[in-house]
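These are the residues of each chain, in order.
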Amino acid sequence: FPSHDKFRNNTNKKQSDIIGISAHILDFDGCLVAWEKVSEIFADYTHYIYNSFNNGVKDVEKGSRFRLVLPYSHNIEVTKNQDVETVQKIYKFIGDIFYYMLHSAKLGGTDTNPTGTGIDLSKRNANAFYFMPSLTDHPIWHVHKAEYLNPYAIVNGSVALALIKQKQLKAKIDEANKKRFE
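Since the model is a prediction, treat every value here as computed from it, not as a measurement.

Conventions used here
- Residues numbered from 1 in each chain as written.
- Predicted model: local features only at pLDDT ≥ 70, side-chain atom pairs only at ≥ 80, totals over all residues.
- Heavy atoms only, no water.
- Helix = DSSP H or I, 4+ residues; strand = E, 2+ residues; numbered from the N terminus.
- Buried < 20%, exposed > 50% of the residue type's maximum accessible area, 1.4 Å probe, protein only.
- Contact = heavy atoms within 4.5 Å.
- Areas by Shrake-Rupley, 256 points an atom, 1.4 Å probe, with all protein chains shown as cover.
- Pairing = 2+ DSSP bridges.
- Core = buried A, V, L, I, M, F, W, Y, C linked by side-chain atoms within 4.5 Å.
- Phe/Tyr/Trp six-rings, centres within 6.5 Å; stacked < 30°, edge-to-face > 60°.
- Salt bridge = Lys/Arg side-chain N within 4 Å of Asp/Glu carboxyl O.

Caption draft 1: Inspection of the overall build of the protein at higher detail. Counting its regular elements, the protein contains four helices and five strands. N-terminal to C-terminal, the α/β element order of the protein is β-β-α-β-β-α-β-α-α. The 182 residues of the protein split such that 41% are buried. A sequence separation of at least 24 residues applies to 74% of the contacts in the protein between residues at least 6 apart. Surface exposure of the protein reaches about 10600 Å², of which carbon and sulfur atoms provide 54%.

Caption draft 2: Fine view of the pairing of strand S2 (residues 18-31). Where burial is concerned, most of S2 is hidden: 11 out of the 14 residues are buried. Across 10 bridges, S2 lies against strand S4 (residues 64-77) in antiparallel orientation. Along S4, the bridge assignment pairs Asp-27 with Arg-67.

Caption draft 3: Main features of the nonpolar core. Judged by nonpolar contacts, the single largest core of 39 residues is most densely connected at Phe-28, Val-38, Phe-42, Phe-66, Leu-68 and Phe-98. Broken down by secondary-structure element, the contributors of at least two residues to this core are S2, helix H1 (35-41), strand S3 (47-51), S4, helix H2 (84-104) and helix H4 (158-180). If you tally residues by element for this core, the top one is H2, at 11 residues. Once residues lying within four places of it in the same chain are set aside, the contact partners of Phe-28 are Val-38, Ser-64, Arg-65, Phe-66, Leu-68, Leu-102, Thr-117, Gly-118 and Ile-119.

Caption draft 4: Broad picture of the packing of aromatic side chains. Counted by the stated rule, this structure contains four aromatic pairs. Where Phe-28 meets Phe-66, the ring centres are 4.6 Å apart and the plane angle is 15°; that geometry is what we call stacked. In this pair, Phe-28 sits in strand S2 while Phe-66 sits in strand S4, placing the two residues 38 residues apart along the sequence. Take Phe-28: its relative accessible area is 0%, and that puts it in the buried class. Every member of this aromatic cluster is reached through a ring pair, and the members are Tyr-48, Tyr-50 and Trp-141.

Caption draft 5: Main features of the pattern of salt bridges. Taken as a whole and judged by the stated rule, the model has four salt bridges. Close ionic contact of Asp-27 with Arg-67 constitutes a salt bridge, the shortest N to O distance being 3.1 Å. Here Arg-67 lies in strand S4 and Asp-27 lies in strand S2, a separation of 40 residues in the sequence. Residue classification places Arg-67 among the buried positions, given a relative accessible area of 9%. Among the ionic pairs, Lys-37 bridges to Glu-40, the shortest N-O distance being 3.6 Å. Of this pair, Lys-37 and Glu-40 are both found in helix H1, three residues apart, which corresponds to roughly one turn of the helix. For Glu-40, a relative accessible area of 53% gives the class exposed.

What follows is the structure, encoded as structure tokens:
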């Protein structure tokens with residue numbers, strides 16, 4: 001499958017050069033649950049799961065290393081009504097929704113890996129680089145066919161609303177705690 005994002009030119013891959021995104025990628029580094037369980041959570045959408053190079057090699061006791069690719073039904077693109085900053089915010093918000101979905105699934109976890117999935121949050125930006133599937137002794141290659149993810153529908157869906165409410169509640173609690181300790 002092709003790159004998940006398009007850039008203004010072929011030399012720079014900065015956030016400001018993004019002109020479109022065609023898929024969402026989650027990078028799991030140290031997933032404590034089977035990739036099959038992650039696939040079940042995203043079963044409503046077409047997705048691909050494949051191992052990363054260090055799966056089964058690096059920090060094996062900390063879990064599996066793989067990527068989940070969810071192709072979009074509609075690209076998120078820079079237009080006259082939607083600038084690059086808005087495109088980036090939509091992509092990050094979709095990532096937040098997915099993190100919330102995984103956290104809500106109560107897969108188990110640890111203090112350093114609260115969802116049990118080991119999602120690499122440093123790879124939340126649309127311009128992050130991902131290598132294609134690697135040939136290893138512990139390969140994962142899974143294709144799940146379903147409806148393609150409509151990024152605009154998920155941003156306006158019930159999971160998004162629950163996440164917004166949770167963030168608003170957390171902000172209120174943080175503000176109350178800040179005032180209490182001043």
